[in-house]
Amino acid sequence: MAGKRKRGEGTVRLRKDGRWEGRVVVGYDEAGNPKTKNVLAKTKKECVEKLEQLKEQCDGRRPTQVRPDMPFGVWMDYWYQNFSKPRLRPTTQLGYEGWIYNHLIPGLGSIQLNRLTQADLQQFFRTMKESGRKSNVQKRGKGMADRSVRSCHAVCQMALDRAVEEKLIHGNPAAGCRLPPIKGREMQVLTQEEMRRFLIQAKAEGMYELFLLDLTTGMRRGELLALRWDDLDFTTGKLCIDKQVCPVGGKLIISEPKTKAANRTIILPPAMLEVLAEYKKGIFSDLMFPSRVKPDQPIDPGYVRKRLQVILKRAGCKSVRFHDLRHTFATMSLESGMDVKTLSTIIGHVSSATTLNTYTHITDEMRQKAAANIDRGIAKAEVQSEPEQKAETPNAQESFTPVLPARRRPGTGYLKQIKENLWEGRYSPIWPDGKKHSRNVYGHTEAECEEKLAELILQMKAEIAALRSGASTEYPDGVSPKKKAIAAYLRENPGVTSKSRIARELHMDRSTVQKYYDEIRSEIREGNVRAS
C-alpha cells in the first residue's frame, strides 16, 4: 500500500472519470484559506510528474500561512525569502542567512510569533554574546563580538517591524533590547617610513603597482580589483570607478558599487600614470590586476588580504587591514591640506559628514592649527608657545633590503642551476587548448638567465593572448602537427563539417579528425567571440 504523501507535497487522487488529479497549495488568502492549483493526467505517473513541474513553477517552496500564532522561525524564513532577499546584494544575503538560519531560528524559532517577548529576545542576545560563536571557538572563544550581536539584532528587528505592519503583532519586542555598546574600530595608518619599506617589499613580491595605486587613490579593495584598462584614460589621467569584485559562494562576481557616491571618476597623478603604463606592457588581459594563473579573472580579494599581511611583516611594519590603506591615503590627504568635500568625493563617501565623522581626529588638529594661525596673523595676539621640543635633524632614510620570498610567485616561471656556469629558466603556462606547454632559456649566470626568462614570459603571454583573441592561429610547440593541420583547414574552410571529407583532403584517419574536431571548433568559436 502506498504511503501517505508528506505535508506540502500536494495530493494525488483518481477521479470518477478515470483521470488522475494532482493538487497543491500555492498560497493563502487574507482570511487564511488555502489557494490551490491542480493538474490532470491519464496515468498516476504522468500526474505526479506534472505536479512536480507545477511546484517548480511556483518556485518550489512550500506556501506559508501567515498568521499571528505561526512559529517565529517560520516567519523569519517567510520575511527573508519574500521581503528581504530580493532587494539584497549577494554578499549581504550571506550575512542575513547566517544570522537567521544559524542563530535566530535555532534559538527562538519554536516560539509563537505573537508570544515572543522582549525578555525572550534579551536572554537570547545575552546568550549569543556569552557563548554564541559557531566556528573558530578555540581561536576566538565562545562569545561573539559586540558588532555581531548588534547586526543579528538589526535583522531581527527589521523582520518584526514587518510583522507589525502586517498586523500580526501589536508592537516590536526587539525595540527595547539592551545591546552591547558601539565601539569604533581603532584606525591605524602607516607612517611615511613604513610606506617606503612596504612598497619596496611589495615590489619584490610583484604587487607594487596594486598597492601603490591603492595608497594613491584610497579605493576599496573590491573596486581596485575590478578595474579594467578601459576604465583608465592615459591621456587625461581619468580613472572611472563603477564596479567591484565580491566573493560569493566560492566564486568571484563583479557587481555595481553599493551606493551612487561610489560611482565616481578621479584623476591620477602623472607619476602613477607612468608606473601603470610601464606595468601594462607585461599584462595581456582586459583586467588591470588579473590573476596570474587565470588571466581572464580578477585576483581573489582573500589572496590580496593574505599577501598584504606577509608583505607588512617582511617590511617590518605594523599589521594593518587592507581598509587601513584607505585610511592612510585619507589621513595624508587631509594633513596635506585637501578639503573634506574633495576627499569625500575621491574616496566615494555618501556625504562629507561621513568623512568628517571618520577622520575627526585629523580635522580637530587642523582646526587647532587654523585657530592658532588666525591668532597670530589677524589678532596679533601672543599665542602660548607649545612645550619646546628638541630640534631633531631629519636623519637620512635607512636603507632597506627586501626579503626575497622562499618560493617564486605564480606566473614568474622556474629557475635552477644545472652546473657551475649554466642556469636554466622554464615557463609552463596553460594555453587555450587547456594544456601546459613549456619553453626553456639558458644563461651563464643567474642574472642573465633571469633576464632571458622575463623576456620569454612576455613573449609567451603575448602569444596566448593573441590565440585567445583570435588574432593568431599559431599553436605552441608541443601541439600535435595533425591538430595544427586540422585547425588550419577549418579556419580556411569554416563551412566544411564532414569529418570524412576533412580526413580525405588531409590524408589522415577519420578517427584523428574526430579526436580534435570539437576541441578546435570550440577554440575557433571562442576566438571569434572575443574578437567581436
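Here is a short report on the structure shown in this document. Model, not experiment: these values are computed from the prediction. (Residues numbered from 1 in each chain as written. Predicted model: local features only at pLDDT ≥ 70, side-chain atom pairs only at ≥ 80, totals over all residues. Heavy atoms only, no water.)

Attention now moves to the side chain of Thr328. When you line up the elements, Thr328 lands in helix α12 (residues 322-335). Of the residues examined, Thr328 reaches a relative accessible area of 1% and is grouped as buried. The contact partners of Thr328, leaving out residues within four places of it in the chain, are Gln188, Val189, Leu190, Met195 and Leu215. (Helix = DSSP H or I, 4+ residues; strand = E, 2+ residues; numbered from the N terminus. Buried < 20%, exposed > 50% of the residue type's maximum accessible area, 1.4 Å probe, protein only. Contact = heavy atoms within 4.5 Å.)

Time to look at the packing of helix α2 (residues 72-84) against helix α6 (residues 146-165). The contact between α2 and α6 brings their axes to 10 Å, and the two run at 90°. The angle between α2 and α6 falls in the class roughly perpendicular. Side by side, α2 and α6 meet where Phe72, Trp75, Met76, Trp79 and Phe83 of the first sit next to Val155, Cys156, Met158, Ala159, Leu160, Arg162 and Ala163 of the second. Looking at the contact of α2 with α6, its residues break down into 11 nonpolar, no polar and one charged. (Axes fitted to C-alpha atoms, helices over the stretch in contact; angles between N-to-C directions. Parallel < 35°, antiparallel > 145°, perpendicular 65-115°, else oblique. Nonpolar A, V, L, I, M, F, W, Y, C, P; charged D, E, K, R; others polar.)

Turning our attention to the environment of Gln93. Residue placement: Gln93 occurs in helix α3 (residues 90-108). Judged by its relative accessible area of 18%, Gln93 is buried. Filtering out sequence-adjacent residues up to four positions away, Gln93 remains in contact with Tyr80, Lys85 and Leu88.

Before going further, it helps to examine the sheet that holds strand β8 (residues 414-419). Sheet architecture is open: three strands sit in the order β8-β9-β10, paired in antiparallel fashion. What marks the edges here is a single partner per strand, and that holds for β8 and β10 (439-443). Adjacent strand axes in the sheet meet at a mean angle of 25° when their direction is disregarded. Note: β8 against strand β9 (residues 422-427), five bridges, orientation antiparallel. Residue Lys416 lies in a different strand from β9, and its bridge partner there is Glu424. (Pairing = 2+ DSSP bridges.)

A separate point is the pattern of salt bridges. Per the stated rule, a full pass over the model turns up 27 salt bridges. Across the salt bridge formed by Arg314 and Glu205, the nearest N and O atoms sit 2.4 Å from each other. Of this pair, Arg314 sits in helix α11 (residues 301-314) while Glu205 sits in the loop between α7 (192-204) and α8 (208-217), and the two are 109 residues apart along the sequence. Note on Glu205: relative accessible area 5%, which makes it buried. The closest approach of N and O atoms between Glu424 and Arg426, which form a salt bridge, is 3.5 Å. The class of Glu424 is buried, set by a relative accessible area of 6%. For Arg426, a relative accessible area of 31% gives the class partly exposed. Residues joined in a network through salt bridges with shared partners are Arg13, Glu21 and Arg23. (Salt bridge = Lys/Arg side-chain N within 4 Å of Asp/Glu carboxyl O.)

Here we take up the environment of Arg305. By the secondary structure assignment, Arg305 is in helix α11. What makes Arg305 partly exposed here is its relative accessible area of 43%. With 18 residues separating them in the primary sequence, Arg305 and His323 have C-alpha atoms 9.9 Å apart.

Among soluble globular proteins, nonpolar side chains are generally buried collectively. Residues Phe198, Leu210, Phe211, Leu213, Leu239, Leu268 and Met288 are the most contacted members of the largest nonpolar core, which totals 50 residues. Secondary-structure elements contributing two or more residues to this core are α7, α8, α9 (221-225), β4 (238-241), α10 (270-280), α11, α12 and α13 (340-347). Grouped together as the second largest cluster of nonpolar side chains are 31 residues, Met70, Phe72, Trp99 and Met128 included. (Core = buried A, V, L, I, M, F, W, Y, C linked by side-chain atoms within 4.5 Å.)

Each full turn of the α-helix corresponds to 3.6 residues, which orients residues three or four apart in the same direction. With 14 residues, α11 extends 20 Å from end C-alpha to end C-alpha; this agrees with the ideal 20 Å at 1.5 Å per step. In the core, the buried residues of α11 are packed alongside α7, α8, α9, β5 (244-248), β6 (251-255) and α12. Once α11 finishes, Gly316 follows within two positions and takes phi at roughly 75°, a positive value. (Expected span 1.5 Å × (residues − 1).)

Enumeration over the complete set of coordinates arrives at nine aromatic pairs. For the pair Trp75 and Tyr78, a centre-to-centre distance of 5.7 Å together with 40° between the ring planes defines the contact as tilted. Note that Trp75 and Tyr78 are positioned in helix α2 at a spacing of three residues, about one turn of the helix. Ring centres 5.1 Å apart and planes at 65° place the aromatic pair Phe198 and Phe211 in the edge-to-face group. Of this pair, Phe198 sits in helix α7 while Phe211 sits in helix α8, placing them 13 residues apart in sequence. With a relative accessible area of 0%, Phe198 lands in the buried category. One aromatic cluster is present, formed by Trp229, Phe234, Tyr279 and Phe289 through successive ring pairs. Its guanidinium or amino end placed over the ring of Tyr517, Lys499 lies 4.4 Å from that ring's centre, counting from NZ or CZ. (Phe/Tyr/Trp six-rings, centres within 6.5 Å; stacked < 30°, edge-to-face > 60°. Lys NZ or Arg CZ within 6 Å of the ring centre and 35° of its normal.)

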